[in-house]
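# Chain and residue survey
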Number of protein chains: 2
Amino acid sequence: MTIPAASQDPEETVYVVTPQLIGEVADALRDRDDARARTLIRPLEAPELADLLEALGPDARGDLIRLIRPDFDPELLPELDETVRDEVVAQLPPGELAAAVHELDSDDAVYVVGELEEGQRRAVLDELPAEDRIAVEQGLSYLEYTAGRLMQRELVALPAFWTVGNAIDHMRGESDLPEEFYDIFLVDPRNHPVGTLALSGLVRNRRGVRLSDIMDPDLTVVPVTMDQEELAFLFRQQDLTSAPVVDPDGRLIGVITIDDVVDVIDEEAEDDLMKLGGVNEDDLYRATMATMRARFTWLFVNLWTAVLASLVISQFEATIEKIVALAVLMPIVASMGGNAGTQTLTVAVRALATHELTPANALRIVWKEVLVGGFNGLLFAAIIGMIAWAWFSAPAIGGVIALAMVSNMLIAGFCGIAIPLGLDRIGIDPAVASTVLLTTVTDVIGFFLFLGLATWILI
Amino acid sequence: MTIPAASQDPEETVYVVTPQLIGEVADALRDRDDARARTLIRPLEAPELADLLEALGPDARGDLIRLIRPDFDPELLPELDETVRDEVVAQLPPGELAAAVHELDSDDAVYVVGELEEGQRRAVLDELPAEDRIAVEQGLSYLEYTAGRLMQRELVALPAFWTVGNAIDHMRGESDLPEEFYDIFLVDPRNHPVGTLALSGLVRNRRGVRLSDIMDPDLTVVPVTMDQEELAFLFRQQDLTSAPVVDPDGRLIGVITIDDVVDVIDEEAEDDLMKLGGVNEDDLYRATMATMRARFTWLFVNLWTAVLASLVISQFEATIEKIVALAVLMPIVASMGGNAGTQTLTVAVRALATHELTPANALRIVWKEVLVGGFNGLLFAAIIGMIAWAWFSAPAIGGVIALAMVSNMLIAGFCGIAIPLGLDRIGIDPAVASTVLLTTVTDVIGFFLFLGLATWILI
């Protein structure tokens, strides 16, 4: 929403791309009423147009892409969801795509080209002016998910010995400045950063003041190879708005700004959420078949977990035949273990991601989780023990399920934290593999304990 | 990490609060070696000290708070996790706490005071200078989680008819400017914002240029009552770095900067993750008993879900007695339904939070999820049907489990999206209640379908 100054209405909603607008655009496209569709989308800026494209169905989306192609806004590309961007990009010939990339900031250009498929990437690079091509190729030479990929090459670096007046005069004369920037970097003659100066520091000082006297010499320097997770941690912890990026020789080669990091923070938390839910990535806009294939793998792994649990149960067929109440009650033990373990697991996975769970406090937290699991296990053992006793008028069944419950919840608490810690230690992403391992443990042990104790005590 | 310019080492890690440091500080505190502890923590800035406090055990934490109290850094307060901040605040008398709050920016001051308990809040407010007290009380008069609570009152607003020279001279003379700021707001005589000007725009223009000629008149104005989720959406969508906050009469009363919004974005994604995992909030630093109590509620609700599923099973005791293989296989149907539903649910909850799932595309997405569930259901029905057939040498059992599987996965796909959509429609947070509702459905229907079909077909 960019409210024109004349019509400021604080009650107006922030969501410009309303269901109503989406419906109207879809109708206009279906009726081939291009003029009406154009009128409807005219007020939209790139991020809003991106939302609209994402919200439309596949057919309407294709029509809209065709409609906007003649005066294509390059800023649309970095705003789009991956799946939808692929559709847009597929409709643009390499020449038009290269022209769009040329208009983007260097970080966005690297991002958009980096997401293209091999052949298309080559074709677009060939169409780019030499200067752009070299810049994009250099950007792509850094590993994905590192500072090198996220950084912007456009920055303002000035000699530290300059004065405020020098700086302001220079910037007034310079046409090649980044469109917006928050900080100025001060460098020594070898182009090593020696300090930063927020623009607000520049404008509040007199012209004669030396930059080196008002700069902040406590630099937070980012090596070009830094992983984006570390970067996000750094920005959050230090409340940074931008940070200089240096090459292995310590020379200033780029800048990372907070808006790039917002995207990383966003992605990371979403990543953990999706992985814990058993989905590779947010597949809202994916086609049905692609979604189905992506989810199949996870379900397939889980099938074998479930079959394993069934194998455990089948060891006790004779017992179940004698006391069928066991079949009725057994899912309770497994399910409570699974739920208790998932609680611990969720906290642990997030704490690992935010670097709050470290070797320094791991032992203490494991111990705490075992205690929590054990205490809650005791409570639920008492509750379910009494329910089972009353239900089947058999105190012994109540005792067996109580024993199984407290043990399984204790083990669930321990595994809920030990599994992600262990996976993290051996370099496997705990968000991906923890849930299935945990469920296997709580199901297998839950069924085994309950049916095993029943066989031992009741038969 | 603030690498001094002299010792820049790009390979140095960003994690200053290493396990080693935490261990050394804990040892020094245990040995009552205050001098050593002081030396160890001297290089730490507020965010790092906050991390250290959070990482220590309760005893060491108490000792460290005692140690830092004499020269307490107010910036520590907004950096701390809630649980740990409560411990710190409990050790500070109201006078010292008020002195610390006085040093903070207005948004941090409102936040810290707002998090205090009623009695303590009153005591601190009484100790604050009148001007601060009024500002904090006014901040607290806005609803929690709205722009009013997040905004900072310190801002730079200038008359739109001024020139670049006027602005720079004014800022050079003004001592009461915010410490750092990115944008200048231009206002009309009634203090209504009419445009913004990034500082980079100010420094690149000549002194004689009128601010109204270079300002950006497309203002994104935030009403003081705007919910922080909408705010986060707005900042992300428009790539804003700051936005003016206006009162109901449209007058400029504050500014929200991107660093406040980063915290909101962070919290939100974490909130959804935690709620889906069945935890109220990140309770890593909570005491064992408090954690236990907080998790008990969720487990208690789930217990009744599990008991309900058991009630369904108990309706088929006679069938299970005859064919005990059913007891062996039945958890597979329920578990696969639960996993497939959770995949859909995770995507849906996240898409609702980011406003990507709206009434405009809901029907299409529901249909897609039913298809995905149905197709995958068919595949897994075939696989599990053959497994069961081979395992128990009974094609009929294979047929029954296949039928139950495809039906339950189809229902799981539908419920995985319909439940969060429905909850959202009636104003209940889908992240909190969706999982338990979904599991109830997939368990109850899974057991009912499998055992019911078996009774009907096999008996």
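About the criteria used
Residues numbered from 1 in each chain as written. Chains lettered and ligands numbered in written order. Predicted model: local features only at pLDDT ≥ 70, side-chain atom pairs only at ≥ 80, totals over all residues. Heavy atoms only, no water. Least-squares fit on C-alpha atoms with pLDDT ≥ 70 in both. Salt bridge = Lys/Arg side-chain N within 4 Å of Asp/Glu carboxyl O. Helix = DSSP H or I, 4+ residues; strand = E, 2+ residues; numbered from the N terminus. Buried < 20%, exposed > 50% of the residue type's maximum accessible area, 1.4 Å probe, protein only. Polar contact = N/O pair within 3.5 Å; in protein donor to acceptor, adjacent residues only side chain to side chain. Contact = heavy atoms within 4.5 Å. Phe/Tyr/Trp six-rings, centres within 6.5 Å; stacked < 30°, edge-to-face > 60°.

With an RMSD of 0.1 Å, the fit of chain A onto chain B corresponds to turning through 180 degrees and sliding 0.0 Å along the axis. Taken together, these values place the two copies in the relation of a two-fold axis.

Now for the pattern of salt bridges. Under the criterion given, the structure shown has 39 salt bridges over all chains. As a salt-bridge pair, A:Asp126 and A:Arg122 come within 3.7 Å of each other at their nearest N and O atoms. One end of the pair, A:Asp126, and the other, A:Arg122, are both in helix 9 (residues 118-127), 4 residues apart, so they sit about a helical turn from each other. Relative accessible area serves as the criterion here: at 53%, A:Asp126 is assigned to the exposed category. Its salt-bridge partner being B:Asp169, residue B:Arg207 comes within 2.6 Å of it at the nearest N-O pair. Placement of B:Arg207 in the loop between helix 13 (199-203) and helix 14 (211-214) and of B:Asp169 in helix 12 (residues 164-173) is noted, with a sequence separation of 38 residues between them. For B:Arg207, a relative accessible area of 36% translates into the label partly exposed. Overall, B:Asp169 belongs to the partly exposed group, its relative accessible area being 38%.

Okay, the side chain of B:Gln152 next. All names here are of chain B. Here Gln152 lies in the loop between helix 11 (147-150) and strand 2 (157-159). Judged by relative accessible area, Gln152 falls into the buried class, the value being 10%. Here Glu154 takes part through its side chain, which lies 3.4 Å from a polar atom of the side chain of Gln152. Among all residues touching Gln152, those that are not within four sequence positions of it are Asp105, Ser106, Asp107, Gly254 and Val255.

As a further point, take the packing of aromatic side chains. Describing an aromatic ring pair means giving the distance of the ring centres and the angle of the ring planes. As enumerated under the stated definition, the model contains 13 aromatic pairs over all chains in all. Ring centres of A:Tyr182 and B:Tyr182 lie 5.4 Å apart, and the angle between their planes is 45 degrees; this geometry places the pair in the tilted category. With one member in each of two chains, A:Tyr182 in the loop between helix 12 (164-173) and strand 3 (183-187) and B:Tyr182 in the loop between helix 12 and strand 3 (183-187) form a pair that bridges those chains. Take A:Tyr182: its relative accessible area is 13%, and that puts it in the buried class. Residues A:Phe380 and B:Phe296 carry aromatic rings whose centres are separated by 4.7 Å and whose planes lie at 25 degrees to one another, so their mutual orientation is stacked.

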